Amino acid sequence: MRVDDFDFDLPQERIALRPARPRDAARMLVVRTAAAPVLSDAGVRDLPGLLEPGDALVFNDTRVIPAQLEGTRTRGEAVAGISATLHLRAGEDRWWAFARPAKKLAVGDRVRFTHDPARGEGGACLLGALDATIAEKREGGEVLLAFDLSGPLLDEAIAATGHIPLPPYIAARRGEDAQDRADYQTIFADKDGAVAAPTAGLHFTPDLLAALDARGVSRHTVTLHVGAGTFLPVKADDTADHRMHAERGTVSGETAAALRAVRARGNKVVAVGTTSLRILESAAQGEAGLAAFTGETSIFITPGYRFRAIDALMTNFHLPRSTLFMLVSALAGLDTMRGAYAHAIKNGYRFYSYGDASLLFPKVTE
């Protein structure tokens, strides 16, 4: 399909710069597709009443790390400022990163990332710096960083040296602050590795979880370490020419079995966020259904895809021409989602990572 098919105009004032407080006070647009699309304005707190006892919610338990690093490349007497956003771990001492400006880096260059003293001293970063070598370089500004530290020591140094990589549409309008370190984590965050939050999960609070428990809706977790590739624009003219960046994730055998049982008894599996959906669909094994999975996925879901693991999706509102808007269009139908987004814009919904939510039920097919 043409990427232009997924374009729309979004006024700047619709982009949320801070989350709703409390988190579950956000609005939620319910989208159902049968003979004709039905749009209903609701709130996140209405979620329990929109699900049935026995349904299941699936959350991504990844935890965002401070993966934005700032430093310098020194080559003789020539010094250049470098910014790197880690996006995929490649070993105990190695990360793939998007670097700017990448043209100033060559294989073999040494880069020193500077510690921010305002965050206190990190045990593995006592000198206030983290050093790496450019081990490999790819098109699109990707570099492989081989750090001088490895394993837990490297993790500690990144935590001390880096900062939260706010999405570009927020970072362009304000700087990161201490509040973002709390706001940009879900209450399910457990496993370090993401460089972007699974933002649908940001809406959940203990009170909302208690209401879901009382309704008889079960909760399950999967892991997908969201990479910085989620922020990259689609530069191809046709979706067939776009390359997704790999992300690493896990679906346990226990979770797979529990979700198979949910569907077997006629209840719904509801993915909370496109990241949960993508790892579940990556773990789906044809007609055999969901199975345990650990590894990398670069699944790219566009209209025409047949969903095998989920029955509904709770998600935020996504960027025009993005792979995530393509994904929701595959689930509910492109015309339906165009209408839903037009409704959301007209009625003041807040968009993107800190914005409002939508609850999407699949397009009904003959």
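Scoring rules and cut-offs
- Residues numbered from 1 in each chain as written.
- Predicted model: local features only at pLDDT ≥ 70, side-chain atom pairs only at ≥ 80, totals over all residues.
- Heavy atoms only, no water.
- Pairing = 2+ DSSP bridges.
- Helix = DSSP H or I, 4+ residues; strand = E, 2+ residues; numbered from the N terminus.
- Axes fitted to C-alpha atoms, helices over the stretch in contact; angles between N-to-C directions.
- Polar contact = N/O pair within 3.5 Å; in protein donor to acceptor, adjacent residues only side chain to side chain.
- Contact = heavy atoms within 4.5 Å.
- Buried < 20%, exposed > 50% of the residue type's maximum accessible area, 1.4 Å probe, protein only.
- pLDDT = per-residue confidence, 0-100.

**Overview of the sheet that holds strand β6 (residues 78-91)**
Hydrogen bonds between backbone atoms are what pair the strands of a sheet, whose relative direction is either parallel or antiparallel. Pairing within the closed barrel is antiparallel, and its six strands lie in the order β5-β6-β7-β10-β9-β8. When the angles between neighbouring strand axes are averaged without regard to direction, this sheet yields 45°. With eight bridges joining them, strand β5 (residues 68-75) and β6 adopt antiparallel strand pairing. By the bridge assignment for β6, R73 is matched with A80.

**What about the side chain of D356?**
Relative to the helices and strands, D356 is located in the loop between α9 (334-346) and β17 (357-360). A distance of 3.1 Å separates a polar side-chain atom of D356 from the backbone nitrogen of R27. If we ignore the near neighbours within four places in the chain, the residues touching D356 are A26, R27, H203, N316, F317, Y349 and R350.

**What to know about the environment of F204**
As for its position among the elements, F204 is in the loop between β11 (191-194) and α5 (206-215). By relative accessible area, which is 0% here, F204 ends up buried. Taking C-alpha positions, F204 is 6.3 Å from R23, a pair spaced 181 residues apart along the chain. Sequence-distant contacts of F204, that is, excluding residues within four places in its chain, are made with R23, L47, L57, F59, I187, F188, L209, L212, V272 and M314.

**Description of the sheet that holds strand β2 (residues 37-43)**
Taken in spatial order, the nine strands make up an open sheet running β2-β1-β17-β16-β14-β3-β12-β13-β15, and their pairing is mixed. The two strands at the open ends of the sheet, each matched to only one other strand, are β2 and β15 (293-297). Here the average twist between neighbouring strands, direction ignored, is 25°. The pairing of strand β16 (residues 312-316) with β17 spans four bridges and is antiparallel. Looking at β17, one finds that M314 is bridged to L359.

**Side note on the confidence of the model for the protein chain**
When pLDDT is low, close inspection of the predicted coordinates is not appropriate. Across the protein chain, the average pLDDT comes to 91, with 94% of residues at or above 70. Counted against residues more than four places away or in other chains, residues 117-127, with its pLDDT under 50, gives 22 contacts.

**Some remarks on the pairing of strand β13 (residues 247-251)**
Looking along a regular strand, one sees the side chains alternate between the two faces of the sheet. Residues of β13 alternate between two faces, with E247, G249 and V251 buried on one and R248 and T250 left unburied on the opposite face. Inspection of the sheet shows strand β12 (residues 218-224) paired to β13 by two bridges, in the antiparallel sense. Across the sheet, L224 pairs through a bridge with G249, a residue of β13. As paired elements, β13 and β15 share five bridges and run antiparallel to each other. The residue of β15 that forms the bridge with R248 is E296.

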